[in-house]
Amino acid sequence: QVQLVESGGGLVQTGGSLRLSCAASGRTFSSYDMGWFRQAPGKEREFVAAISRSGGDTYYAADSVKGRFTISRDNAKNTVYLQMNSLKPEDTAVYYCAGSRLYRFTAVRDEYDYWGQGTQVTVSS
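Okay, so let's go over this structure.

### Observations regarding the side chain of Arg53
No. 1: Here Arg53 is to be found in the loop between β5 (46-51) and β6 (58-60).
No. 2: Residue contacts for Arg53: discarding those within four places in its chain leaves Ser30, Ser31, Tyr32, Asp33, Arg73, Asn75, Ser100, Arg101, Leu102 and Tyr103.

### Details of unusual backbone geometry
No. 1: A positive phi is found at Asn78, a non-glycine position, where the angle reads about 55 degrees.
No. 2: Assignment of secondary structure puts Asn78 in the loop between β7 (69-74) and β8 (79-84).

### What about the state of the cysteines?
No. 1: Applying the stated criterion across every chain yields a total of 1 disulfide.
No. 2: Covalent S-S linkage joins Cys22 and Cys97, the inter-sulfur distance amounting to 1.9 Å. Negative torsions about the S-S bond denote left-handed disulfides, and the value of about 45 degrees found for Cys22 with Cys97 makes this one right-handed. You can see Cys22 sitting in strand β3 (residues 18-24) and its partner Cys97 sitting in strand β9 (residues 93-100), a full 75 residues away along the chain.

### Describing the pairing of β3
No. 1: Here β3 lies mainly inside the structure; 5 of its 7 residues are buried.
No. 2: Judged from the 4 bridges that link them, strand β1 (residues 4-7) and β3 form a sheet pairing that is antiparallel. Across the sheet, the residue bridging to Leu4 is Ala24, located in β3.
No. 3: Alignment of β3 against β8, held across 6 bridges, turns out to be antiparallel. Within β8, the residue paired with Leu20 across the bridge is Leu82.

### Re the sheet that holds β8
No. 1: The antiparallel open sheet is built from 4 strands, whose spatial order is β1-β3-β8-β7. Since the sheet does not close on itself, it has two edges, and those belong to β1 and β7, each with one partner. Along the sheet, successive strands turn relative to each other by an average axial angle of 15 degrees, direction set aside.
No. 2: The sheet contact formed by β7 and β8 spans 6 bridges and is antiparallel. The residue bridging Arg73 from the neighbouring strand is Val80, located in β8.

Calculation criteria
Residues numbered from 1 in each chain as written. Predicted model: local features only at pLDDT ≥ 70, side-chain atom pairs only at ≥ 80, totals over all residues. Heavy atoms only, no water. Helix = DSSP H or I, 4+ residues; strand = E, 2+ residues; numbered from the N terminus. Contact = heavy atoms within 4.5 Å. Disulfide = S-S within 2.5 Å. Buried < 20%, exposed > 50% of the residue type's maximum accessible area, 1.4 Å probe, protein only. Pairing = 2+ DSSP bridges. Axes fitted to C-alpha atoms, helices over the stretch in contact; angles between N-to-C directions.

The following block contains the structure:
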């Protein structure tokens, strides 16, 4: 069992930056690929980025965040990060981290086994 707690959300102006953190409990954090998803009001939860167990490989949602967001992890700290730069109003959403036991990258919400409670990111225009 893994418990995930996100932090780092907040209100930022267009063009600003935020770094989200997701702290995991337990000693098996490095056994999971980790992902970030987001959900805007009235919309489905969508995939943002994922990172492999070692941190050596990453996978991003096409176009919408690539080049602006960077996912990383520190297995010694049981933490995964999402660095978000050049933020736009359309990035406004609740951001969730999630853990997957699959041995391949996935953008499919149902293929993630553990979820955090989410952190709100609001980008003002």
